[in-house]
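Overview (structure and organization)
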Amino acid sequence: MRIGLAQLNPTVGDLAGNARKILAVYRQLVTQGAELIVFPELAVCGYPPRDLLFKRRFVSDVEETLRGLAAEIGEVPAVIGTVTKNVSGSGRPFFNTAAFCHRGVIPVNAHKCLLPTYDVFDEDRYFEPAPGPTVVAHNGHRIGITICEDIWTHPMINTRQLYRGVSPMNQLVAQKCDLMVNLSASPWHYDKGRVRHALVTDAARALGCPVVYVNAVGGNDELIFDGRSLAADPAGRVTLGLAAFREETAVIDTAAPSTTPVTAPTFSQPELANIYDALVLGLRDYAHKSGFKRALIALSGGIDSALVAVLAREAFGAENLLGVSLPSAISSQHSRDDARVLAENLGIRFETIAIADAVAATESALGPIFADRPRDVTEENIQARIRGVLMMALSNKFGSLLLTTGNKSEVAVGYCTLYGDMAGGLAVISDVFKTQVYALSRWINRDREIIPRHTIEKAPSAELRPDQVDQDSLPPYEILDAILKGYVEEGLSRRDLVERGFVEAVVNDIARKVDLNEYKRKQAAPGLKITPLAFGVGRRIPIVQKYVS
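All residue numbers refer to positions counted from 1 along the written sequence of the respective chain. Restriction of local features to residues with pLDDT of at least 70 applies here, the model being predicted, together with a cutoff of 80 or more for giving and counting side-chain atom pairs; totals for whole chains, interfaces and linings are based on all residues. Side-chain numbers here rest on the full set of heavy atoms in the structure, without hydrogens or water.

**Considering unusual backbone geometry**
That bond from Y47 to P48 is cis: its omega, 0 degrees, falls within 30 degrees of zero. Within the secondary structure layout, P48 lies in the loop between β2 (36-38) and α2 (58-70). A positive phi angle, close to 50 degrees, is found at N139, a residue other than glycine. Secondary structure follows DSSP: runs of H or I at least 4 residues long count as helices, runs of E at least 2 residues long count as strands, and numbering of each begins at the N terminus. Along the polypeptide, N139 turns up in the loop between β6 (134-138) and β7 (141-147). Accessibility here uses a 1.4 Å probe with only protein chains present; expressed as a share of the type maximum, an area under 20% marks a residue as buried, one over 50% as exposed, and anything in between as partly exposed. The exposed category is assigned to N139, whose relative accessible area is 65%. Of note, F245 is a non-glycine position whose phi angle comes to about 65 degrees, a positive value.

Structure follows, in structure tokens:
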């Protein structure tokens, strides 16, 4: 059977736009000889719709859009991800549905069985689970239809325990399918591709039939979807792999003998390339889907703002990016020079706004109230906050998206200024550890120097006081990041980390900083998720709490 894979980038809530895209790709794949066309999970409304589902007319509008799509579907059926109402009178109000559309109607709706409620997922808030997967008979073929999480019950997946032994895959094994399709909207984080590959290929072996997996691509809020749709033959061999981080379509004949797999160059690529492509896609879609065509960034001469500038140039184009240097009386000449050289290397507009007079005026205004109190971090933060005011003014005046530059290491321990360098519309690298910032910057420079070498080699500094370097108040980033990975991402206790060999005083200091700065992170700009656990929607730690582990 010739299956069309439609790896699309839908926008949440853009029902008309998504429908136009679905229909255009459907017609294209029909002309290429597809006999069945598969779209991603919730392709009609975009994933994740979250509480849009509770708006009074939203699901009705989705269903009306789907009926309009189905009316255009002819002899070649299409399986389209959508939302439908649960009219049974019991359970959650909606179903996460794969609509089997054929000859102008929807003869079958297949509903999702397993609803994830961990990390960034909260599908049990909206959807009623189906008791089992649906098998559709079409042209002599028995086609099993699953949706995303329905295949995530593999022994290598620890979240399988959430489903009390229910396995749609085992149910399909007993039903003897000729083909299984999986409609997915699976967000990317690094190292996830290896797991997905195993799920799909093992499913094909278990079912003894071809499996076609179609994943969404694109950025929606914090989440980044990498596509990488694939097909596997009954022996579990990959026969087709689509591109990572961009829309792509293909037709595969599941009855053809398996030979060398046809895969896009980016289907399998180095992890640094994955991270770079993910951040560019997430930034571009966050901006463009929100209506921003231009961006601006404060260029400090440091490595974090340099990395964000490179990503932004890729996402927006040089002509749509403004870099601004905001030197204070403390800023070093080498930092000013590094910022200027970076802008020249990127070919972006570069402006300088000196802040020394504004800082002095602010300190003078506060002087009578501060009286005889000694200078401390308060005065340091005035510099950062004046920069935030000026950058937000530029953002307002020119309608540009202000990008913040804090990395995950800094955001974790609060090494950032609320209403200062945290001001902006998107925290591009807030899920990228400092050690990864260095690795990415060196990878960017692999062929030629884009980020100035001095920016990479010099000791990192916030430059809010003379001769300041990050290591005055933080351990070396190799140690800090290892502790943060354990404490934040793995949920290890202080005692666990000490048993791993970290110095107890350092562990206690870092854990205390992480816990105390939860209030800052709750007020930060949304960030792009690239790790298994990012600050934001997937991490729900109370601000006011006294637990110490």
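**Considering the packing of aromatic side chains**
In this analysis, rings of Phe, Tyr and Trp, with Trp reduced to its six-membered ring, are considered paired at centre separations within 6.5 Å, and the interplanar angle assigns stacked below 30 degrees, edge-to-face beyond 60, and tilted for intermediate values. Under the criterion given, the structure shown has six aromatic pairs. Ring centres 6.2 Å apart and planes at 90 degrees place the aromatic pair Y47 and F225 in the edge-to-face group. Here F225 lies in strand β11 (residues 223-226) and Y47 lies in the loop between β2 and α2, a separation of 178 residues in the sequence. Linked through ring pairs, F54, Y126 and F127 together constitute an aromatic cluster. Of note, K408 hangs over the ring of F535, and the distance from its end group to the ring centre comes to 5.9 Å. A cation over a ring is seen here: R521 above F535, with NZ or CZ 4.6 Å from the ring centre. We count a charge as sitting over a ring when the NZ of a lysine or the CZ of an arginine lies within 6 Å of the ring centre and within 35 degrees of the ring normal.

**As for the nonpolar core**
Ranked by internal contacts, the top residues of the largest apolar core, which has 52 residues, are L283, L311, L403 and V428. Only α5 (271-290), β16 (295-298), α6 (303-316), α7 (333-346), β19 (401-404) and α11 (434-444) provide two or more residues apiece to this core. Apart from the residues within four sequence positions on either side, L403 is in contact with L283, A295, L296, I297, V308, A312, L426 and V428. Throughout, nonpolar core names a set of buried Ala, Val, Leu, Ile, Met, Phe, Trp, Tyr and Cys residues whose side chains join them through atoms within 4.5 Å. Residues I37, L53, V59 and L223 belong to the second largest nonpolar core, which totals 41 residues. Residue contacts follow a heavy-atom distance rule, with two residues in contact if any of their heavy atoms lie within 4.5 Å.

**Looking at the side chain of N86**
Structurally, the position occupied by N86 is in the loop between β3 (78-85) and β4 (94-102). Owing to a relative accessible area of 13%, N86 belongs among the buried residues under this scheme. If we skip the residues at most four places from it in the chain, N86 touches G91, R92, P93, F94, F95 and E128.

**Considering the pairing of β16**
Any two strands between which DSSP finds at least two bridges are classified as paired. Relative to strand β17 (residues 321-325), β16 runs parallel, the two being bridged by four bridges. Bridged to I297 within β17 is G323. Pairing analysis gives two bridges linking β16 to β19, with the strands arranged parallel. Looking at the pairing, L296 lines up with L402 of β19.

**Details of the environment of L5**
Relative to the elements of secondary structure, L5 occurs in strand β1 (residues 2-7). Linking L5 and S229, residues 224 residues apart in sequence, is a C-alpha distance of 7.6 Å.

**Observations concerning the pairing of strand β8 (residues 179-184)**
Of all six residues in β8, six are buried, a share of seventy percent or more. Residues of β8 alternate between two faces, with L179, V181 and L183 on one and M180, N182 and S184 on the opposite face, all of them buried. Here five bridges tie β7 to β8, and the two strands are oriented parallel to one another. Within β8, the position partnered with I143 by the bridge is L179. If you view a crossover with the strands going away from you and the path from the first strand over the helix to the second runs clockwise, you call it right-handed. Where the polypeptide runs from β7 across helix α3 (residues 168-175) and back to β8, its parallel neighbour, the crossover connection is right-handed. Looking at chain direction, β8 and strand β9 (residues 211-215) are connected through five bridges and run parallel. Counted as the bridge partner of M180 is V211 from β9. A crossover connection joins β8 to the parallel β9 through helix α4 (residues 192-207); in handedness this β-α-β unit is right-handed.

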